[in-house]
Amino acid sequence: MVHNFNAGPSILPKTVFEEASQAILDYNDTGLSILELGHRTPTFQAVMDEARALLAALMQLDNDHEVLFLHGGASTQFMQVPMNLLDDKETAAYSDTGVWSSKAIKEAKLFGKAEIVCSGKENNYTSIPKDFAVPNDAKYFHITTNNTIYGSQWQKIPNTSNVLVADMSSDILSRTMDFNSFGLIYAGAQKNIGAAGVNVVVINKNILGKVKRAIPTIMDYRNHIKESSMLNTPPVFAVYVCMLTLRWLKAQGGVAAIEKINDAKAAMLYNEIDNNPLFKGTIAHDDRSKMNVCFVMHNPALEESFLSFAKQNGIVGIKGHRLSGGFRASLYNALPLSSVEVLVQIMKDFTAKNG
């Protein structure tokens, strides 16, 4: 058996693979594959409508918030957010907590002023900044809720009077929170929502239409809202897989239920890291991510041997990112607790032989 700890594209529920596989051959006995289904047909419209409704229900969104399924990964939103929200002489506030937030800051500077109000760069992003102030005149405050590469996470969402914008690509729907407190949330789907190829945007309609610039039609959120994510041909199959994954999450009991499982998975793995003499964590304890657990070995010379041992025992995807090294075990929603149990046992077995 393979235990998939890849950071993304990542593990999806087995039932989703089974249903999606059948839909590729024959979608709902239509005689057509989901891959060739007309996106303007009532058949696919039902898919899009259900996907949007499921996400709104799972996030308990109010009537001011709209759900969009758009082309492009979260990286597209690095520029689409400031294009829609920030005029060229205005300022947006950003937190710098890793690679992805740094990329977002770079893109924002193309459209206005991007002020970095807090940063973890000096300590190599091993903790989340605590003491900072967001300027009152900032059009919005942007955070990246989970640092996929280094393994840190905002455990407490900042309380600010500014419009709050969040890149939630790697921890969306993994824990309960007041999603309505955000002006805009975006996330690449390929970690907790579905397959790669579609981007989710949740946006409060009231923050739009405030900039003076002309926005290209396809980049204007208002146009996508007006057309219910059908402004142009959507990534049909990717949206369908999202719908199936959201159905699965609802069947598990929703976000609150999956959060308890995610907490148990993270606690089990961090406990082994903290108590195993060969391994150590890399992130400040209070800021540890429950989605991307990053760790190293006290003796780096043993790391390749451990990777090989893990692979022999069905563990895949735990090699750390090239920027952070070591190991990274991604514990996304669809990863079962049993896979974490296997990883922990392998760590124990390796230590028994090499400790």
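Quick caveat, the model's predicted, so the values are computed rather than measured.

1. Description of the packing of aromatic side chains
(1) Moving on: One pass over the full model with this rule turns up 13 aromatic pairs.
(2) Moving on: Ring centres of phenylalanine 309 and phenylalanine 350 lie 5.7 Å apart, and the angle between their planes is 50 degrees; on these two criteria the pair is classed as tilted. Here phenylalanine 309 is found in helix H8 (residues 303-312), whereas its partner phenylalanine 350 is found in helix H9 (residues 337-354), with 41 residues between them in sequence.
(3) Moving on: Looking at phenylalanine 309, the relative accessible area reads 14%, which means it is buried.
(4) Moving on: For phenylalanine 350, a relative accessible area of 3% corresponds to the buried category.
(5) Moving on: Here a set of aromatic residues connected by ring pairs shows up, and it is made of Phe279, Phe295, Phe306, Phe309, Phe327 and Phe350.

2. Observations regarding the sheet that holds strand S9 (residues 184-188)
(1) Moving on: If you walk across this open sheet you meet the 7 strands as S2-S10-S9-S8-S5-S3-S4, and the pairing is mixed. Every interior strand has two partners, whereas the edge strands, strand S2 (65-70) and strand S4 (113-119), have only one. Within this sheet the neighbouring strands show an average axis-to-axis angle of 20 degrees, counted without direction.
(2) Moving on: Against the sheet, helix H3 (residues 74-85) makes contact with S2, strand S3 (91-96), strand S5 (140-144), strand S8 (163-167), S9 and strand S10 (199-204), and its axis sits at roughly 160 degrees relative to S9, the strand it touches most.

Calculation criteria
Residues numbered from 1 in each chain as written. Predicted model: local features only at pLDDT ≥ 70, side-chain atom pairs only at ≥ 80, totals over all residues. Heavy atoms only, no water. Phe/Tyr/Trp six-rings, centres within 6.5 Å; stacked < 30°, edge-to-face > 60°. Helix = DSSP H or I, 4+ residues; strand = E, 2+ residues; numbered from the N terminus. Buried < 20%, exposed > 50% of the residue type's maximum accessible area, 1.4 Å probe, protein only. Pairing = 2+ DSSP bridges. Axes fitted to C-alpha atoms, helices over the stretch in contact; angles between N-to-C directions. Contact = heavy atoms within 4.5 Å.

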